[in-house]
Amino acid sequence: MGKEVVLAPGERLDDLLTHQLHIIQSREVFSFSMDAVLLARFAAVPPRGRILDLCSGNGVIPLLLTTRTKALIDAVEIQPRLADMARRSIAANGLEDRITVIEGDLREFHKRQGHGIYDVVTVNPPYMPAGTGDQNENEHVAMARHERNGTLDDIVAACARLVRAGGRIAMVHRPSRLVEILETMRKWKLEPKRMRFVHPNAEAEANMVLIEATRDGKPELRMLPPLIVYNAQHQYNEEIMQIYYGNRAEPAASQKEKTSP
């Protein structure tokens, strides 16, 4: 651990179950879920270089990426409270020299940073268009779930502006919007290269899709084997156990993730 953790009222310190990492969370704001963990493992990252995480929330993806790369990581989050939680989590883990949190609007970020400066961009965006779904959610949750601060087109455009030619962007989203996602990526010269569907169990429809695209790449899409979360006994399958626990994988597989995907 790094600096002493100072928690605000209602906050807790959760164990990320790998490399002794911890993260500050609160029931009052949107907590990370399985999609973020899967994206952090799915994204192909260089051993060094520069990585950008958009819609970073409380910083879970950058924290997890530090276990896979020595690259410098920038994290952009528009909500001040979440950006503050991310900074304190990074300090608590002693990773201030590896991760920088920027509070700001991803639609404007290229004006500050410049174009084409990142090797990899990861993004776990809001899944639902503005004005859809439950309109009674608290403001923090609504902003995390709905495209209030940028449409899918805005988000993909930001990725395209910020990643270098030949660089990669990795996204997790809902399969129901897959056609729109692919069309938007190609519009912004991001060529889909790898795709993997995530299913709750072997009989269920996919409820997540992981997509990696290359800036200015040639058309060639690899469909990876489906990722099945639960087995017939409603325990995590072996691959999920390895993603979450690594060498700490043990018969706690029947325990569901603390936050729903």
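The coordinates are above.
The structure displayed is predicted, hence computed values, not measured ones.

**Points about the packing of helix H6 (residues 152-162) against helix H7 (residues 178-187)**
- Between H6 and H7, whose axes approach to 9 Å, the crossing angle comes to 40°. Overall, the two elements H6 and H7 adopt an arrangement that is oblique. Along this stretch, H6 crosses H7, giving a crossing that reads as right-handed. Along its contact with H6, which presents Leu 152, Asp 153 and Val 156, the element H7 presents Glu 180, Ile 181, Thr 184, Met 185 and Lys 187.
- By residue class, the composition of the contact of H6 with H7 is 4 nonpolar, 1 polar and 3 charged.

**Topic: helix H1 (residues 34-42)**
- Most of H1 sits out of view: 8 of its 9 residues are buried.
- Three or more residues of H1 are buried, namely Met 34, Asp 35, Ala 36, Val 37, Leu 38, Leu 39, Ala 40 and Phe 42.

**Side note on H6**
- The buried fraction of H6 is high, at 8 of 11 residues.
- Listing the buried residues of H6 in full gives Leu 152, Ile 155, Val 156, Ala 157, Ala 158, Cys 159, Ala 160 and Leu 162.

**Re the packing of aromatic side chains**
- In this structure the tally under the stated criterion is 3 aromatic pairs.
- Seen from their ring centres, Tyr 236 and Tyr 244 are 5.6 Å apart, and the 15° between their planes marks the pair as stacked.
- With a relative accessible area of 10%, Tyr 244 lands in the buried category.
- Through a chain of ring-to-ring contacts, three or more aromatic side chains come together here, namely Tyr 230, Tyr 236, Tyr 244 and Tyr 245.
- Above the plane of the ring of Phe 42 lies Arg 194, whose end atom (NZ or CZ) is 4.2 Å from the centre.

**Structural notes on the pattern of salt bridges**
- Summed over all chains, the structure comprises 15 salt bridges.
- We note a salt bridge from Asp 105 to Arg 107, for which the minimum N-O separation is 2.8 Å.
- Here Asp 105 falls in the partly exposed class, since its relative accessible area comes to 23%.
- Arg 107 sits in the partly exposed class, given a relative accessible area of 29%.
- Between Lys 111 and Glu 108 there is a salt bridge, and its shortest N-O distance comes to 2.7 Å.
- Residue classification places Glu 108 among the partly exposed positions, given a relative accessible area of 40%.

**Some points on unusual backbone geometry**
- Of note, the phi angle at Leu 17 is positive, near 70°, even though the residue is not glycine.
- With respect to the element layout, Leu 17 can be found in the loop between strand S1 (11-15) and strand S2 (22-26).
- You will see that Cys 55, though not glycine, has its phi angle at about 55°, which is positive.
- Among the structural elements, Cys 55 can be located in the loop between strand S3 (50-54) and helix H2 (60-65).
- On the basis of relative accessibility, which here comes to 22%, the residue Cys 55 falls in the partly exposed class.

**Examining the pairing of strand S8 (residues 190-199)**
- With 9 of its 10 residues buried, S8 lies for the most part within the structure.
- With 8 bridges joining them, S8 and strand S9 (residues 208-215) adopt antiparallel strand pairing. Each bridged residue has a counterpart across the sheet, and for Met 195 the counterpart in S9 is Ile 211.
- Pairing analysis gives 2 bridges linking S8 to strand S11 (residues 227-228), with the strands arranged parallel. Bridge pairing in S11 places His 199 opposite Ile 228.

**Digging into the pairing of S3**
- Of all 5 residues that make up S3, 4 are buried, and the element is covered over most of its length.
- In this structure, S3 lies alongside strand S4 (residues 72-77), joined through 4 bridges in parallel fashion. Note on S4: the bridge partner recorded for Ile 51 is Ile 73.
- Handedness of the crossover joining S3 and S4 through H2 is recorded here as right-handed.
- Here S3 runs beside strand S6 (residues 118-123); their pairing, made up of 4 bridges, is parallel. Note on S6: the bridge partner recorded for Ile 51 is Val 120.

**Some thoughts on the state of the cysteines**
- On inspection of all chains with the given rule, the structure shows 0 disulfides.
- The thiol of Cys 55 is not disulfide-bonded; the next cysteine sulfur, from Cys 159, is found 8.0 Å away.

The rules we used
Residues numbered from 1 in each chain as written. Predicted model: local features only at pLDDT ≥ 70, side-chain atom pairs only at ≥ 80, totals over all residues. Heavy atoms only, no water. Axes fitted to C-alpha atoms, helices over the stretch in contact; angles between N-to-C directions. Helix = DSSP H or I, 4+ residues; strand = E, 2+ residues; numbered from the N terminus. Parallel < 35°, antiparallel > 145°, perpendicular 65-115°, else oblique. Left-handed = near helix turned anticlockwise from the far one by under 90°. Contact = heavy atoms within 4.5 Å. Nonpolar A, V, L, I, M, F, W, Y, C, P; charged D, E, K, R; others polar. Buried < 20%, exposed > 50% of the residue type's maximum accessible area, 1.4 Å probe, protein only. Phe/Tyr/Trp six-rings, centres within 6.5 Å; stacked < 30°, edge-to-face > 60°. Lys NZ or Arg CZ within 6 Å of the ring centre and 35° of its normal. Salt bridge = Lys/Arg side-chain N within 4 Å of Asp/Glu carboxyl O. Pairing = 2+ DSSP bridges. Right-handed = clockwise from strand over helix to strand, strands pointing away. Disulfide = S-S within 2.5 Å.

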